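Geometric and topological summary
One-letter residues, chain by chain:
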Amino acid sequence: MTDLSKVSGLPLAVDEKGRIHFSGGLPAVTPAVRRLADVRDVLADPEAEGPEELYYMYRDVGFEAEKALWKPRSLRYDVTVIPPGSIGDEFMKTAGHYHPLVPGQSVAYPEVYEVLHGVAHYLLQRRKGDGLEVDDVILVEAKAGDKVIMPPGYGHITINPGPEVLVMVNLVEGTFGSIYEPLRQTQGGAYYELLEDGEAVFEENEEYGDVPELRILPARPRPDLGLSPDVPLYTAASRNPDQFLWLVRPQDFPALREE
C-alpha cells in the first residue's frame, strides 16, 4: 500500500492492484472501469492482447465541505489510476478525448492534471478546425507533484510508461461531456508510445497522414493560475476555488494561451 496523503492533501492510498483506499472520513467512491474492449479502436494494434481491466476512474472525490464550495462554481475533482503494463507493444494508456466549446464561445474547456504517484506521459494534440488533422502535438512527462494543463483546443491521452502504478488527479469543469469520436476515427492519437527492443519509442500514426514533429515540453509551475509545485491541487482548490475559474471561463483568461 502506498500512502498518497502528503502529495494529494487527502487521506488516500493506492494498493498494488491499482485500487484507491479512502480513510479519515473521506467518502469512498466506486470507480468506473475502462476495459480493453472499450479502447481497441484507439490502439496501435486493435487485436493486441492485454489485461481485461486497464484503468480506474474515481469521479467527484472530496469531502462534502469542499464539494459544497466547488459545485456552485461547476468544478469537479477526480482520481484516475493506470496500472503498469502493456497492450501488445503499446504502453498502457487512456482512451483519450477532446473537450467541447464553452457554450456561446469559440474556446474549448481546459483541464489540469496532477501526478500523485508514478510517471505520466501526457500526449496533447490540437485539431485543425473541425477536421481530423492536427497541427501541433506535444508530450509532457510529469512525476509526483507536477501539474500539467490541457489547454483549450487540445485533445489528450495519458500514457503510463513506467514500472509503477500511475495515480493522477484532475480538476475540471464538471458538467460537460468529453468528445471521443475524433480519436476513434483516427485509431488513437497522432503518436503511439511503444516498447521496442527494451526502449520506449514514439511511432507516428499513419491514419493522420502528415504528422507534426512531436514537441517535448517539461511540466512547469503556473502560480498565476493557482498551480504551485509545493501545494497539492486539492488543497489549492479548497483554499481558494475562485482562482480555478479559468477552468470554467477560459475565454476570460488569455494567460492560458501561454501554455
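Our subject is the structure listed above.
Anyway, here's the lowdown on the structure attached to this text.

Cut-offs used in this document
- Along every chain, residues carry numbers that run from 1 in the direction the sequence is written.
- A pLDDT threshold of at least 70 governs which residues receive local features in this predicted model, and a stricter bar of 80 or more applies before side-chain atom pairs are shown or counted, although totals over entire chains, interfaces and linings include all residues.
- The basis for every side-chain value is the complete set of heavy atoms in the structure, and neither hydrogens nor water enter the calculation.
- For this analysis, a nonpolar core means a set of buried residues of the types Ala, Val, Leu, Ile, Met, Phe, Trp, Tyr and Cys, connected via side-chain atoms within 4.5 Å.
- Type-normalised accessible area, obtained with a 1.4 Å probe on protein chains alone, sets the label of each residue: buried when under 20%, exposed when over 50%, and partly exposed for intermediate values.
- Secondary structure counts use DSSP, requiring at least four H or I residues in a row for a helix and at least two E residues in a row for a strand, with both numbered from the N terminus.
- Contact between two residues is taken to exist if any of their heavy atoms lie within 4.5 Å; hydrogens are not considered.
- At least two DSSP bridges between two strands are required for those strands to pair.

1. Describing the nonpolar core
- With 35 residues, the main nonpolar core has I20, V79 and F244 as its most contacted residues.
- If you list the elements that add at least two residues to this core, you get β2 (12-14), β3 (20-22), β5 (53-58), β6 (75-82), β9 (111-117), β14 (166-173) and α5 (233-239).
- Ignoring any residue separated from it by four or fewer positions in sequence, one finds V79 in contact with L12, I20, Y56, M57, Y58, V61, V167, M168 and V169.
- Grouped together as the second largest cluster of nonpolar side chains are 25 residues, M92, A95, L124 and M150 included.

2. Examining the environment of V39
- Following the sequence through the fold, V39 ends up in helix α2 (residues 36-39).
- Taking the relative accessible area as the measure of exposure, V39 reaches 2% and is therefore buried.
- Spatially, the C-alpha atom of V39 lies 9.0 Å from that of G188, the residues being 149 residues apart in sequence.

3. Regarding the pairing of strand β15 (residues 191-196)
- In this sheet, strand β16 (residues 199-204) lies alongside β15 in antiparallel orientation, the contact comprising six bridges. Looking across to β16, one finds that L195 is bridged to A200.

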